[in-house]
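So you can see what is in the structure, the chains are spelled out below.
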Amino acid sequence: MIHLFLRTLALVLLMGTLAGPHVASAQGLGSLLPGAGLSDAASTDLSDAIAEAAENGVSVIVIDSDGRVVTQNGPAPVDAEVPGSGSTLMAIQDDAVAFRSALVDRLLNLPIAFNEVIYILRATSPDGTIFAYVQALLISLALFAAGMVFEAQVFGKRLVKRFVVARIQAAPSGYVEKMPFLVFRFFMGVVGTLVSMAVAYILGWLIFGALEDAAMQFTVTLINIGYFLARVVAGLWRMILSPYLSQYRIPLFNDHDARKLHLWLSAVTAFGFFAILFGVWIEELGLNSEVHVFLFSLLSLLVMILNIALVAANSQAITGAILNGKAPTDATWTLRTLARVWAPMAVVYFLFAWSDQTYHLVIGDPLGVPLLAAAWGILTTILVVYGVINFFIERSFARARRVREHNTMAEVAPMRDPAASPVAAPRLTTFEGLAQRVAGILAFVAGIYAFVTIWRPDTAMMGERWSDRLLDIIVILFIGYIAYNAFRIWIDGKIREEQGEVQEAELGDEGGGSSATRLATLLPLFRNVVLIVIVLSILLIALMEMGVNVGPLFAGAGIVGVAIGFGSQSLVRDIFSGAFFLFDDAFRKGEYIDVGGVKGTVENISVRSFQLRHHLGALHTIPFGEIQVLTNYSRDWVIMKLPLRVTYDTDVEQVRKLIKKLGVALLDDPVIGENFIQPLKSQGVIEMQDSAMIIRVKFMTKPGDQWLVRKKVYEEIRALFEREGIKFAHREVTVRLADGKAAEDLTDEDRKAVTAAAQASIEEELLEDAAETGDDR
């Protein structure tokens, strides 16, 4: 490819050289053309001498003032080729010399070639005039116009309109609902094109009769081919852009931009087919390559200019479609880069394609599909095939999408607009999204490969060692990409299934509620390990394909591992301790635990450590190796004991009966009734204090529900005691004054000291109560 690019660059520089002094004769190019100061004999001699010199490798030709060849040196001695010494530059120089010689030769023979073509066209014309071919073109266009009128008025409005209109939906969504109609309308357009051609053929046969002349038959056949191809490709672009039915438009264009782009694409395509078929017509009927090269290069230049104009006129709309209607800052870096560079790259490609095509035409190499036409053909094919593949992908994943949409709509209260597209899952979180991504990558790679094949069909692309390795590395990376994302999506789905409908606790809640399952706790770690293994495996395989010996890497990794093992014993201890804690199911994600006085909800688990979120917001990170004792508050069941301070005149038996009745009533409570494992009951008097009796009640609930139940129990007990006349005892501190002092004898400082002592006593009692219940909340 580099060789061809340099050769094209040499072509451009050489064309500029031909406009200046000629190397061989130190005269202008005009002196080499007939009628530019040279006699016919001198021009013929010089042409023959240039051709002979080019064939024999002559580098210098000496001519006199009349343009006659005086002498020329013989072929330069051929030295033995030194492998690797300037072979690419020498090949470029040889190509440039060959192109210059061929171009000069064709320009010299161009007048004679035109006369020859004119003579042959007249000889092959039925009436001996070239205008007969022009007349055939005009008549064919008129007949096609009549056929299009019949197609629109009879075939379109009276036969197929009801079938097409009946399939139109008001708000189709996705490829599944859009593609069938677009494909059906495209095939109806192809049938309509054939109908218009049949009508034109019948009218032509009725008016002019059957064609007998071979040259005219060939001309009319090319006209029919051009008409059919132009209509079919215009129909393809109509299917892609849907300029008149915006609800079926897949790329993000507004109506004006879609119609404008469709018009440009149809016009450029039609002119491109005209250029190709006109070149074929000249080559087959004119029987002269010089005229064919000249006219086809000129028409290709016009096609290139039209393509550049198409890019300039529609660049803003196409850039918006690439960004999918988003602002550049909101799009991914890939889309931002593509949106910036696609237009300059397209212009550079058009210039390169025309230069390469002109080069091959001039030197007489067999010209395959023109690069300009090939690019548009490949692009159209990629878009159509990508749409068809996505249709089958969406159809295959329809059930999974319906389940996902149902779950999403169940979680989201507001109803979405029925005309909107289906609820899209986040990027690459479903197998459907991965399949669509893979389809896009495959379509792009297939397009690039097809382009390279059309560009250089004689290149043994699969036989070159470097290209073999590059292709293998790309395939390996592609397979690794699929494996990585497929495994990640599968594991994430399993994690979501294991987590179920777990409601996250509010910030600042006490915690200790329901936790994730054991599998949901271990799967994230397993996912990270496997993904790391996949990435390392793909990297090692790619290095092996590049010829790198990975054996020393494994040996070095072993040595590094031993060094790390000796130098980072705490790290190894943390990893192994964590593995055994998790395998023993000591705790899970979402559980409320106590590790050496540090309490909180397990929020994140890694290979070496885990994080606890305290209910007050603090986040603790604890290495597994530092765990000596671990208390789990979120397993199986929880007993909550509540102390009640009542006065000494309280009837303890009455309180027991009232608490028992309240416990039975709370079992039927619609809010907390299902949370009880054992009902509320009284444990009697457990302590006698100076100012109160302590009666304790208890209940058993599921972990995490005790806090809600406790709030309700306190509310009901307060209301119950108020109804029954049972009084709560307030904390009191009795202060005895020494030396028979009275309270009136205390100074302000004495009063403050007494108050501080009483407050300290109350706080000490509160701390003792909290220590007994184990509740620091």
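Everything here concerns the structure above.
Quantities reported herein were computed from a predicted structural model and do not represent experimental measurements. (Residues numbered from 1 in each chain as written. Predicted model: local features only at pLDDT ≥ 70, side-chain atom pairs only at ≥ 80, totals over all residues. Heavy atoms only, no water.)

Asker: Would you mind going over the nonpolar core with me for this structure?
Answerer: Among soluble globular proteins, nonpolar side chains are generally buried collectively. Counting 44 residues, the largest nonpolar core has Phe 253, Leu 261 and Phe 350 as its most contacted members. Those residues in contact with Phe 253, other than ones at most four positions away along the chain, are Leu 241, Ala 258, Leu 261, Ala 317, Ile 318 and Ala 321. (Core = buried A, V, L, I, M, F, W, Y, C linked by side-chain atoms within 4.5 Å. Buried < 20%, exposed > 50% of the residue type's maximum accessible area, 1.4 Å probe, protein only. Contact = heavy atoms within 4.5 Å.)

Asker: What's the story with the side chain of Lys 178 in this structure? I'm lost.
Answerer: On the secondary structure map, Lys 178 appears in helix α5 (residues 174-208). Although Lys 178 is buried, it forms no salt bridge, and the closest oppositely charged side chain is Glu 177 at an N-O distance of 8.3 Å. Discounting residues that sit within four places of it in the chain, Lys 178 has contacts with Pro 172, Ser 173, Gln 247, Tyr 248, Arg 249 and Ile 250. (Helix = DSSP H or I, 4+ residues; strand = E, 2+ residues; numbered from the N terminus. Lys, Arg positive; Asp, Glu negative; His and termini not counted. Salt bridge = Lys/Arg side-chain N within 4 Å of Asp/Glu carboxyl O.)

Asker: Before we go on, may I ask you to explain the sheet that holds strand β6 (residues 619-623) in this structure?
Answerer: In space, the 5 strands of this open sheet follow the order β6-β5-β4-β3-β7, with antiparallel pairing throughout. With partners counted over all chains shown, the strands left at the sheet margins are β6 and β7 (630-632), one partner each. Averaged over all adjacent pairs, the angle separating strand axes in this sheet is 40°, with direction ignored. Of the strand pairs in this sheet, strand β5 (residues 609-613) and β6 are connected by 5 bridges, and their pairing is antiparallel. (Pairing = 2+ DSSP bridges. Axes fitted to C-alpha atoms, helices over the stretch in contact; angles between N-to-C directions.)

Asker: Before we go on, may I ask you to explain the sheet that holds strand β9 (residues 676-688) in this structure?
Answerer: For sheets, the rule is that strands pair by backbone hydrogen bonds, running either parallel or antiparallel. Taken in spatial order, the 3 strands make up an open sheet running β8-β10-β9, and their pairing is antiparallel. Of all strands in the sheet, those bounded by a partner on one side alone are β8 (638-646) and β9. Taking the axes of each pair of neighbouring strands and ignoring which way they run, one obtains an average angle of 20° across the sheet. Of the strands in this sheet, β9 and β10 (693-701) touch helix α17 (residues 652-666), which is tilted by about 165° from β9. Packed on one face of the sheet, helix α18 (residues 706-724) meets β8, β9 and β10 and runs near 25° to β8.

Asker: Looking at this structure, I do not really get the pattern of salt bridges. What am I missing?
Answerer: Close approach of charged atoms allows side chains with opposite charge to pair. Applying the stated criterion to the full structure yields 6 salt bridges. Where Arg 613 meets Glu 603, a salt bridge forms, and the shortest distance between an N and an O atom there is 3.1 Å. Residue Arg 613 is located in strand β5, and its partner Glu 603 is located in strand β4 (residues 598-605); the two are separated by 10 residues in the primary sequence. Across the pair Arg 656 and Glu 653 runs a salt bridge, and its minimum N-O distance is 2.4 Å. Here Glu 653 and Arg 656 lie together in helix α17, a separation of 3 residues that amounts to about one turn.

Asker: I'm lost on the environment of Gly 600 in this one. Help?
Answerer: You can see Gly 600 is positioned in strand β4. Setting aside chain neighbours within four positions, we find Gly 600 in contact with Glu 591, Tyr 592, Ile 593, Leu 612, Arg 613 and His 614.

Asker: What is the right way to look at helix α6 (residues 214-241) in this model?
Answerer: An α-helix turns once every 3.6 residues. As a result, residues three or four positions apart point the same way. The end-to-end C-alpha separation of α6 is 41 Å, in line with the 40 Å expected for 28 residues at 1.5 Å each. With a side-chain oxygen positioned 3.1 Å from the backbone nitrogen of Ala 215, the residue opening α6 is Asp 213. (Expected span 1.5 Å × (residues − 1). Polar contact = N/O pair within 3.5 Å; in protein donor to acceptor, adjacent residues only side chain to side chain.)

Asker: Where do I start with the pairing of β9 in this structure?
Answerer: Along any regular strand the residues' side chains alternate between the sheet's two faces. Where β9 and β10 come together, 7 bridges link them in antiparallel fashion. Following the sheet pairing, Ser 682 is matched in β10 by Val 697. Two successive antiparallel strands, β9 and β10, enclose a turn made up of 4 residues.

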